[in-house]
Amino acid sequence: MNAILANIGFWVLGITAVVSALMLITRENPVHSALWMLLTFFCVAGIFVQLDAEFIAAIHVMVYAGAILVLYMFVVMLLNPKSTGFIKMPFKVILGAIVSFVIFLQVMMTLMGADVIKTSQLTGISDPNNFGNIKLFGIELFTKYIVPFEIVSIMLLVAMIGAIVIAKKD
Amino acid sequence: MLTLAHYLVLSGIIFAIGMTGVLVRRNLIVMFMSLELMLNAVNINLAAFSNHLQSMTGQVFIVFVMAVAAAEAAVGLALIISLFRNRQTINADEINTMRG
């Protein structure tokens, strides 16, 4: 029963994510693109829940849907751009689609040849002491990866200052 | 039964869609959105391998990827605003002053 539900969840979330991603890149109005991107983000968050990453799912919704998407909407409304935004020549549109399809096929062929695919049961994160996802995550982040964490915080500070300096009027 | 391959193929499809968006669209804002889509595909990949290898390391790296995505969005959109102020366009085909 549980496996069936997981299957249904995966297919619903996966197909919705793919369809909304396709809608994102084909809408002419950037506002519509942003709203389809919101649906994609929610589906990806659901996929994270399926993969035993509940904390990641929560911060994914908060950061992407709450912060980044609002930033995009602000910029779209601020600029009110006129261009519909496709390449003028249809030949080049088809060429771009073919190029990315070929790269997709290459990735899939590499995957199917890999050993890890053949023995690929998803066992779930082991949690012997019943800590829960967030505590396991915190232990990993603040013991093994404390230096990268500090570097990321400096990077965010630099990006913030850089964004202010770049967008400022002279 | 759901296996690792399901999630990897899903992330591959989303990555390919994002790449198509970057190649085909000329609106800089939509190109940035497609870039976020590609980073999302990478995140699904990391989460799937984190589950398969029973290790939290993948999830930690998802947070780092998210931080990079947020920084990239902030700086990129600031660049777009600065560009629009100077050139009155965000169409990548019209920004060709530097073409040799």
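Residues numbered from 1 in each chain as written. Chains lettered and ligands numbered in written order. Predicted model: local features only at pLDDT ≥ 70, side-chain atom pairs only at ≥ 80, totals over all residues. Heavy atoms only, no water.

Topic: the packing of aromatic side chains
How we decide: The pairing test for Phe, Tyr and Trp rings, Trp by its six-membered ring, is centres within 6.5 Å, and the orientation test on the planes gives stacked under 30 degrees, edge-to-face over 60, and tilted for anything in between. Each residue gets one of three labels from its accessible area relative to the maximum for its type: buried under 20%, exposed over 50%, partly exposed in between, using a 1.4 Å probe on protein chains only. Where helices and strands are cited, they refer to DSSP runs of H or I of at least four residues and of E of at least two residues respectively, numbered from the N terminus.
In total, this model carries eight aromatic pairs over all chains according to the counting rule given. Considering the side-chain rings of Phe 10 of chain A and Trp 11 of chain A, the 5.3 Å spacing of their centres and the 75 degrees angle between planes classify their relative orientation as edge-to-face. By relative accessible area, which is 44% here, Trp 11 of chain A ends up partly exposed. Seen from their ring centres, Phe 55 of chain A and Phe 137 of chain A are 4.9 Å apart, and the 50 degrees between their planes marks the pair as tilted. In this pair, Phe 55 of chain A sits in helix H3 (residues 54–79) while Phe 137 of chain A sits in helix H6 (residues 133–143), placing the two residues 82 residues apart along the sequence. In textbook terms, an aromatic cluster arises when at least three aromatic residues are bridged by ring pairs, as seen for Phe 10 and Trp 11 of chain A together with Tyr 7 of chain B.

Regarding the environment of Tyr 145 of chain A
Put simply, the rule is: Working rule for contacts: check all heavy atoms of both residues, and any pair within 4.5 Å makes them a contact.
Within the secondary structure layout, Tyr 145 of chain A lies in the loop between H6 and helix H7 (146–167). Take Tyr 145 of chain A: its relative accessible area is 16%, and that puts it in the buried class. Those residues in contact with Tyr 145 of chain A, other than ones at most four positions away along the chain, are Glu 140 of chain A together with Thr 57, Val 60, Phe 61 and Phe 64 of chain B.

Some points on the domain arrangement of chain A
In plain terms, the rule: The source of the domain bounds is an automatic or database domain assignment.
Here the domain parsing of chain A yields domain 1 (1–83), domain 2 (84–114) and domain 3 (132–170). If you average the C-alpha positions of domain 2 of chain A and of domain 3 of chain A, the two centres end up 33 Å apart.

Some points on the interface of chain B and chain A
Often, the extent of an interface is quoted as the loss of accessible area on bringing the components together. We apply this condition: Accessible area that two parts lose when put together, evaluated with a 1.4 Å probe and summed over both, is termed the buried area. Basic side-chain nitrogens of Lys or Arg form a salt bridge, by our definition, when they fall within 4 Å of a carboxyl oxygen of Asp or Glu. Counted as a polar contact is a pair of N or O atoms within 3.5 Å, where, for protein atoms, one must be capable of donating a hydrogen and the other of accepting one, and residues adjacent in sequence contribute only when both atoms are in side chains.
Tallying the contact residues gives 70 residues for chain B and 83 residues for chain A. In total, chain B and chain A occlude about 7,000 Å² of area from one another, counting both sides; carbon and sulfur atoms represent 76% of this. Applying the counting rule to chain B against chain A returns zero salt bridges. Applying the counting rule to chain B against chain A returns twelve residue pairs in polar contact (both at pLDDT 80 or more). For the side of chain B that touches chain A, the secondary structure elements donating two or more residues are helix H1 (4–24), helix H2 (28–52) and helix H3 (57–87) of chain B. By residue number, the principal contributor to the side of chain B that touches chain A is H3 of chain B, which donates 24 residues.

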